[in-house]
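A look at the structure
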Amino acid sequence: MDRSKLCGCKGVRTCFVCEKKFNLTPTINSESLKKLSNASYCSYCNLLWSGWNAYEYKNHPNHTGTSYYLDGIFIEHEFINEAEETMLIKNLDTMPWDVSQSGRRKQNFGPKCNFKKRRLSMGNFNGFPVSTKFVQDRFDKIPILKNYFTIEQCSLEYRPEMGASIDPHVDDCWIWGERIITLSLQSDTVLTLTPHNIKYNNQYNTDYIPNVKCLPIPVNHVNYPIDVVRVLMPRRSLLVLYGKPRYLWEHCILREDIQERRLCIAYREFTPPYLKGGEKYTESCNILQKAKCFW
């Protein structure tokens, strides 16, 4: 059904607006996830602890229950301070927001990508807002982000009154590199990870995954004792996903985890073929130059 004039939802994705209008059912049922084997991430000890409660990290170092190790999650608390957060939100809200799927709004700054045909073009990309430059500049202070060069910066808004969420997915592997960055603003939320169950051949362009250890397992599970991983993203924190959590697990934000307005800025880098020296560099060199601009 055509929902283009009602909301930004497409396909199976829904929000409160179109669910009410067309009597639709949400695609994600968190109650079914809670019945599985769950664990929550503690950013202080870098371990998963059994249980659904994403605020488990507040019990550190007095955790109880079973712990598990899963490399590939990094959180920097208070990556920006309160004054910087206030300034960022104010400046983001001076720019127009576009409607997006599942009750979200977005501001996208980056090249035009056709993931199905694997085609890349400049589109209307003209660099990034200068008010956000200090965030990118600060990446150099994080060892795991050494040589990170931002190609796409996307602001996302989640509002509880819209039933905002984002469905489980893996960020495209053809064009976006291994390190996936999210800066959380205005409120806490939780990133929920579930194993990538392969739905069709080469979903998310997984043939471009550079690390053979991170290739999806044909039997559609990650051979791990936990079915659901809960990662709290505190406001003003920086999250980096890499390695197996980036490639072998789908990530989503559940509707129930949006309790008040939440903004985030997501950052993406190119895959090695599109960087200097790569076989696709001639297609991306102008975009790489434009990504150095701030206006």
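Refer to the structure printed above.
To start, this report covers the structure provided alongside it. (Residues numbered from 1 in each chain as written. Predicted model: local features only at pLDDT ≥ 70, side-chain atom pairs only at ≥ 80, totals over all residues. Heavy atoms only, no water.)

What follows deals with the side chain of Arg 246. As for its position among the elements, Arg 246 is in helix H5 (residues 243–247). Within the structure, the side chain of Arg 246 is placed 2.7 Å from the backbone oxygen of Asp 171, a separation counted as a polar contact. Of the polar contacts made by the side chain of Arg 246, one reaches the backbone oxygen of Asp 172; its length is 3.2 Å. Excluding anything up to four places from it in sequence, Arg 246 contacts Val 170, Asp 171, Asp 172, Cys 173, Trp 176, Gly 177, Glu 178, Ile 180 and Leu 241. (Helix = DSSP H or I, 4+ residues; strand = E, 2+ residues; numbered from the N terminus. Polar contact = N/O pair within 3.5 Å; in protein donor to acceptor, adjacent residues only side chain to side chain. Contact = heavy atoms within 4.5 Å.)

Moving on, we get to the environment of Met 122. Examined against the element boundaries, Met 122 turns out to sit in the loop between strand E8 (119–121) and helix H4 (133–138). The class of Met 122 is partly exposed, set by a relative accessible area of 24%. Each C-alpha atom, one on Met 122 and one on Phe 74, is 31 Å from the other, the two residues being 48 residues apart in sequence. If we skip the residues at most four places from it in the chain, Met 122 touches Gly 110, Pro 111, Lys 112, Asn 286, Ile 287 and Lys 290. (Buried < 20%, exposed > 50% of the residue type's maximum accessible area, 1.4 Å probe, protein only.)

Attention shifts here to helix H6 (residues 281–290). If you check which residues of H6 are buried, you get Ser 284, Ile 287 and Leu 288. Looking down the long axis of H6, one finds its buried residues gathered within 105° of arc, a one-sided arrangement. Opposite the buried face of H6, at more than 90 degrees from it, the exposed residues are Thr 282 and Asn 286. (Arc of directions from axis to C-beta.)

What follows deals with unusual backbone geometry. A cis amide bond links His 60 to the next residue, Pro 61, at an omega of 5°. Within the element layout of this structure, Pro 61 appears in the loop between strand E2 (47–50) and strand E3 (67–68). Phi at Glu 78 takes a positive value of approximately 50°, unusual for a residue other than glycine. What makes Glu 78 partly exposed here is its relative accessible area of 48%.

With that out of the way, let us pick up a nonpolar patch on the surface. Together, Met 1, Leu 6, Val 17 and Phe 22 line one region of the surface with nonpolar side chains, adding up to about 340 Å² of accessible area. With respect to the helices and strands, the residue Met 1 is situated in the segment before helix H1 (16–22). Look at Met 1 and you get exposed, because its relative accessible area is 63%. (Patch = residues over 30% accessible without salt bridge, like charges linked within 9 Å, V, L, I, M, F, W, Y side chains within 5 Å. Areas by Shrake-Rupley, 256 points an atom, 1.4 Å probe, with all protein chains shown as cover. Salt bridge = Lys/Arg side-chain N within 4 Å of Asp/Glu carboxyl O.)

Within the largest apolar cluster, 36 residues are counted, with the highest numbers of intra-cluster contacts made by Phe 139, Leu 183, Leu 185, Leu 238 and Phe 270. Counting only elements with at least two residues in this core, the list comes to helix H3 (82–93), H4, strand E11 (180–185), strand E14 (238–241), strand E16 (262–268) and H6. For Phe 270, the residues in contact, after removing those within four places along its chain, are Leu 120, Ile 151, Ile 175, Trp 176, Gly 177, Leu 275, Ser 284, Ile 287 and Leu 288. Core analysis: the second largest hydrophobic core is formed by 25 residues, Leu 70, Tyr 158, Leu 191 and Leu 239 among them. (Core = buried A, V, L, I, M, F, W, Y, C linked by side-chain atoms within 4.5 Å.)

Moving on: the sheet that holds strand E13 (residues 228–233). Across the sheet, which stays open at both edges, the seven strands sit in the order E3-E2-E1-E13-E12-E15-E10 with mixed pairing between neighbours. For this open sheet the edge positions go to E3 and strand E10 (166–169), each flanked by a neighbour on one side alone. Here strand E12 (residues 189–195) runs beside E13; their pairing, made up of five bridges, is antiparallel. Residue Leu 191 lies in a different strand from E13, and its bridge partner there is Val 231. (Pairing = 2+ DSSP bridges.)

Now for the pattern of salt bridges. Taken as a whole and judged by the stated rule, the model has 18 salt bridges. A salt bridge links Arg 236 to Glu 85; the nearest nitrogen and oxygen atoms lie 3.1 Å apart. Pair noted here: Arg 236 is in the loop between E13 and E14 and Glu 85 is in helix H3, with a separation of 151 residues, a long-range link. Overall, the relative accessible area of 2% leaves Glu 85 in the buried class. Salt bridges sharing common partners tie together Asp 93, Arg 105, Glu 157, Arg 159, Glu 161 and Arg 261.

This next bit is on empty space enclosed by the protein. The gaps left among the atoms become clear once a water-sized probe is rolled over them. Counted under the stated rule, the structure contains one cavity of 30 Å³ or more. Reported here for the largest cavity is a volume of approximately 30 Å³. Along its surface, the largest cavity is lined by Tyr 41, Ser 43, Tyr 57, Ile 75, His 77, Leu 232 and Pro 234. Its residues assigned to classes, the lining of the largest cavity comprises five nonpolar, two polar and no charged. (1 Å grid on protein atoms, 1.4 Å probe; cavity = no way out; pocket = protein on both sides within 12 Å on 5 of 7 lines; lining within 4 Å. Points joined across faces, edges and corners; volume = space filled by probe spheres on them. Nonpolar A, V, L, I, M, F, W, Y, C, P; charged D, E, K, R; others polar.)

Here we take up the layout of surface pockets. Taken as a whole, the largest pocket holds about 1,800 Å³ of empty space. Lining of the largest pocket is provided by 50 residues; of these, Arg 13, Gln 101, Arg 104, Phe 115 and His 169 occupy positions nearest its centre. If you list the elements that add at least two residues to the lining of the largest pocket, you get strand E6 (105–109), strand E7 (112–114), strand E9 (152–158), E10, E11, E14, strand E15 (249–253) and E16. Residue composition of the lining of the largest pocket, grouped by class: 22 nonpolar, 14 polar and 14 charged.

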